[in-house]
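# Tertiary structure, described
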Amino acid sequence: MSEMSRSKYLTSRKRARGLGSAKSGTEHYWGMIKSSVGLLILVPLFVFTFGPILGSSYEEVVTYYSNPIPAVIAALTVAVSWLHFKNGAKTAIEDYMRGMQMKVAIIAVNCIAYAALAAGLFALVRLAI
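I will try to describe carefully the structure that is included in this document. In this text the structure is predicted, and so the values were computed from the model without any measurement.

## What to know about the environment of Tyr58
Assignment of secondary structure puts Tyr58 in helix α4 (residues 58-65). Take Tyr58: its relative accessible area is 58%, and that puts it in the exposed class. Separated by 69 residues in sequence, Tyr58 and Leu127 place their C-alpha atoms 9.3 Å apart.

## Focus: the pattern of salt bridges
Throughout the structure, instances matching the rule amount to one salt bridge. Salt-bridge contacts for Lys90 lead to Glu94; the nearest nitrogen and oxygen are separated by 3.5 Å. Remark: Glu94 and Lys90 occur in helix α5 (residues 68-96); sequence separation between them is four residues, near one turn of the helix. Accessibility expressed as a relative area gives 33% for Lys90, which makes it partly exposed. Residue classification places Glu94 among the partly exposed positions, given a relative accessible area of 32%.

## Observations regarding the packing of helix α3 (residues 25-50) against α5
Viewed as axis vectors pointing N to C, α3 and α5 meet at an angle of 145°, and their least axial separation amounts to 9 Å. For the element pair α3 and α5, the recorded crossing hand is left-handed. Where α3 approaches α5, its residues His28, Met32, Ser35, Ser36, Leu39, Leu42, Leu45, Phe46 and Thr49 are matched on the opposing element by Pro70, Ile73, Ala74, Leu76, Thr77, Val80, Ser81, His84, Asn87, Gly88 and Thr91. Within the contact of α3 with α5, the residues separate by chemical class into ten nonpolar, ten polar and no charged.

The rules behind the values
- Residues numbered from 1 in each chain as written.
- Predicted model: local features only at pLDDT ≥ 70, side-chain atom pairs only at ≥ 80, totals over all residues.
- Heavy atoms only, no water.
- Helix = DSSP H or I, 4+ residues; strand = E, 2+ residues; numbered from the N terminus.
- Buried < 20%, exposed > 50% of the residue type's maximum accessible area, 1.4 Å probe, protein only.
- Salt bridge = Lys/Arg side-chain N within 4 Å of Asp/Glu carboxyl O.
- Axes fitted to C-alpha atoms, helices over the stretch in contact; angles between N-to-C directions.
- Left-handed = near helix turned anticlockwise from the far one by under 90°.
- Contact = heavy atoms within 4.5 Å.
- Nonpolar A, V, L, I, M, F, W, Y, C, P; charged D, E, K, R; others polar.

Dropping the structure here:
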């Protein structure tokens, strides 16, 4: 029996369980949902921890981010935000581009996201240590 004739007997649940034709759509969707919920919690926490130190001197900022609570909240916000951006941009690129142009764009987005993530975490580590 060919793959095509087998697939017409599958229920919607079984097709989703098999992760669809791209083999990762459902997994990607849930990953985006989880990172969205994470950001829904992290962004307000970041705003409330960053707000009191906004406009302070460099020395006060270094002292503030030496405390682990605001440093960890900022690091998690930076990391989850850039990974969420990377995955969302990759989806948009895959939807609207094809061929070599798509591959180059995905590589560029990955490089930008990981470079920004590394720069943000490096800056936080420099402040916290």
